[in-house]
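Per-entry structural report
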Amino acid sequence: MEIWTIYKMEMIKTLKRKNSLILLIPSILVGIMAFGISTGGLTFTGDALSADGKFACLDFITTLWLFFSALGVWGILLILITAFQFSGEISSGQIKMTLLRIGKRGPIVFAKFLALLTTTFSAFALFTLTAGGGYYLFIANSDVGNGHFSSSMIDLPTVIATIGFIFLHLALFMAVTLLIGLFLSPFIAFIFSLVSLFAVNYLINTNALELLKYSALSISNNLIAGKVENVFPTFLLSIALIICLLLLTSLLFKRVDIK
């Protein structure tokens, strides 16, 4: 009950914070890109294109997800939000109000993380819906669209699973940001977490470490390539790592002095 109460409080606070609006940026960019592609002002190609050189809706959505994921846009925004909503409250002392109301520190970490996940899921859903809507508004009847939803290159369950593992990968580094944010200022926590994310992404994409084949991002890449392996073990491992990080953060949070 305590976690649920704090979760509701955190969701209200998140919705009221202006910095949460930065999660709308990818959806806005997708709308602009869809219009630009339809007019020929923007050229967009990739492996997700259908065999005849035209986008189906799933092709378009998949290509945009791969594009934004490769650029690290989601990672930057989500780590930034996480750092400033947790480390920012600790460094400014704003978290005292929550502590006075709840009395226990442990549930606060889990509730904040769940609130951040909910916000992230909403942003992901909006991004995907905007991409789909942009396709039918601007792409479907253009020279680069075929007007179909389904694709000969990828199916809907694979797209959903790919996005889900991207979500899981970023959730892991959001948990890392919460841990680092206990001891560092919001900006420094953001930089440390972001560098860690980009370093791990580089190692995954270059297959530098065999162990990283069990990372969520690696599974996401494999699904796009048509390889379905180590999916369930990776899912369980990612969940376990996130829980361990949250438990460690909760334990250490009890020892942090709040000014």
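Residues numbered from 1 in each chain as written. Predicted model: local features only at pLDDT ≥ 70, side-chain atom pairs only at ≥ 80, totals over all residues. Heavy atoms only, no water.

**Considering the overall build of the protein**
- The helix and strand inventory of the protein stands at ten helices and zero strands.
- For the protein, the sequential pattern of α-helices and β-strands runs α-α-α-α-α-α-α-α-α-α.
- Scaling as 2.2 N^0.38, a compact globule of 259 residues should have a C-alpha radius of gyration of about 18 Å, and the protein matches this with 20 Å.
- Projected onto its principal axes, the C-alpha coordinates of the protein cover approximately 60 × 40 × 35 Å.
- A burial count over the protein gives 49% of its 259 residues as buried.
- Residue pairs at least 24 apart in sequence account for 79% of intrachain contacts in the protein once pairs closer than 6 positions are excluded.
- If you sum the accessible surface of the protein, you get close to 13,000 Å²; carbon and sulfur atoms cover 69% of it. (Helix = DSSP H or I, 4+ residues; strand = E, 2+ residues; numbered from the N terminus. Rg over C-alpha atoms; globule rule 2.2 N^0.38 Å. Buried < 20%, exposed > 50% of the residue type's maximum accessible area, 1.4 Å probe, protein only. Contact = heavy atoms within 4.5 Å. Areas by Shrake-Rupley, 256 points an atom, 1.4 Å probe, with all protein chains shown as cover.)

**A short note on the environment of F167**
- Positionally, F167 belongs in helix α7 (residues 156-180).
- F167 sits 50 residues away from L117 along the chain, and the two C-alpha atoms are 8.9 Å apart.
- In this structure, F167 is in contact with L117, T120, F121 and F124, ignoring residues within four places of it in sequence.

**Notes on unusual backbone geometry**
- Although it is not a glycine, N207 sits at a positive phi angle of roughly 55°.
- One can find N207 in the loop between α8 (186-205) and α9 (216-224).
- Notably, N230 is not glycine yet its phi reads approximately 60°, a positive angle.
- Its place among the elements puts N230 in the loop between α9 and α10 (231-253).
- Taking relative accessible area as the criterion, N230 reaches 25% and is therefore assigned partly exposed.

**Section: the environment of L248**
- By the element assignment, L248 lies in helix α10.
- For L248, a relative accessible area of 37% gives the class partly exposed.
- Taking C-alpha positions, L248 is 18 Å from S196, a pair spaced 52 residues apart along the chain.

**Some points on the environment of P26**
- With respect to the element layout, P26 can be found in helix α2 (residues 25-39).
- What makes P26 buried here is its relative accessible area of 0%.
- A C-alpha to C-alpha distance of 24 Å links P26 and D143, two positions 117 residues apart in sequence.
- In this view, P26 contacts F68, V73, W74, L77 and F127; residues no more than four positions away in its chain are not counted.

**Let's talk about the pattern of salt bridges**
- Tallied over the full model, the rule gives three salt bridges.
- The closest approach of N and O atoms between K112 and E10, which form a salt bridge, is 2.8 Å. Residue K112 is found in helix α6 (residues 106-139), and its partner E10 is found in helix α1 (residues 2-16); the two are separated by 102 residues along the sequence. Per residue, the accessibility class of K112 equals that of E10, and both read buried.
- In this structure, the salt-bridge partner of E210 is K213, at a minimum N-O distance of 3.1 Å. (Salt bridge = Lys/Arg side-chain N within 4 Å of Asp/Glu carboxyl O.)

**Let's talk about the nonpolar core**
- Core analysis: the biggest nonpolar cluster contains 73 residues, and W74, F113, F124 and F253 have the highest contact counts within it.
- Here this core gets 16 residues from one element, more than from any other, and that element is α7.
- Look past the residues within four positions of F124 in its chain and what remains in contact with it is W65, W74, L78, I163, I166, F167 and L170. (Core = buried A, V, L, I, M, F, W, Y, C linked by side-chain atoms within 4.5 Å.)

**Overview of a nonpolar patch on the surface**
- A contiguous nonpolar surface patch, about 730 Å² in accessible area, is contributed by F84, F183, L184, F187, I188, I191, F192 and V195.
- It is α8 that provides the largest number of residues to the nonpolar patch, a total of five residues.
- Secondary-structure assignment places V195 in helix α8.
- Overall, V195 belongs to the exposed group, its relative accessible area being 53%. (Patch = residues over 30% accessible without salt bridge, like charges linked within 9 Å, V, L, I, M, F, W, Y side chains within 5 Å.)

**Focus: α10**
- Taking 1.5 Å of rise per residue, the 23 residues of α10 would be expected to cover 33 Å, and the 33 Å separating its terminal C-alpha atoms lies within 8% of that figure.
- T234, S238, I242, L245, L246, T249, S250 and F253 are the residues of α10 that are buried. (Expected span 1.5 Å × (residues − 1).)

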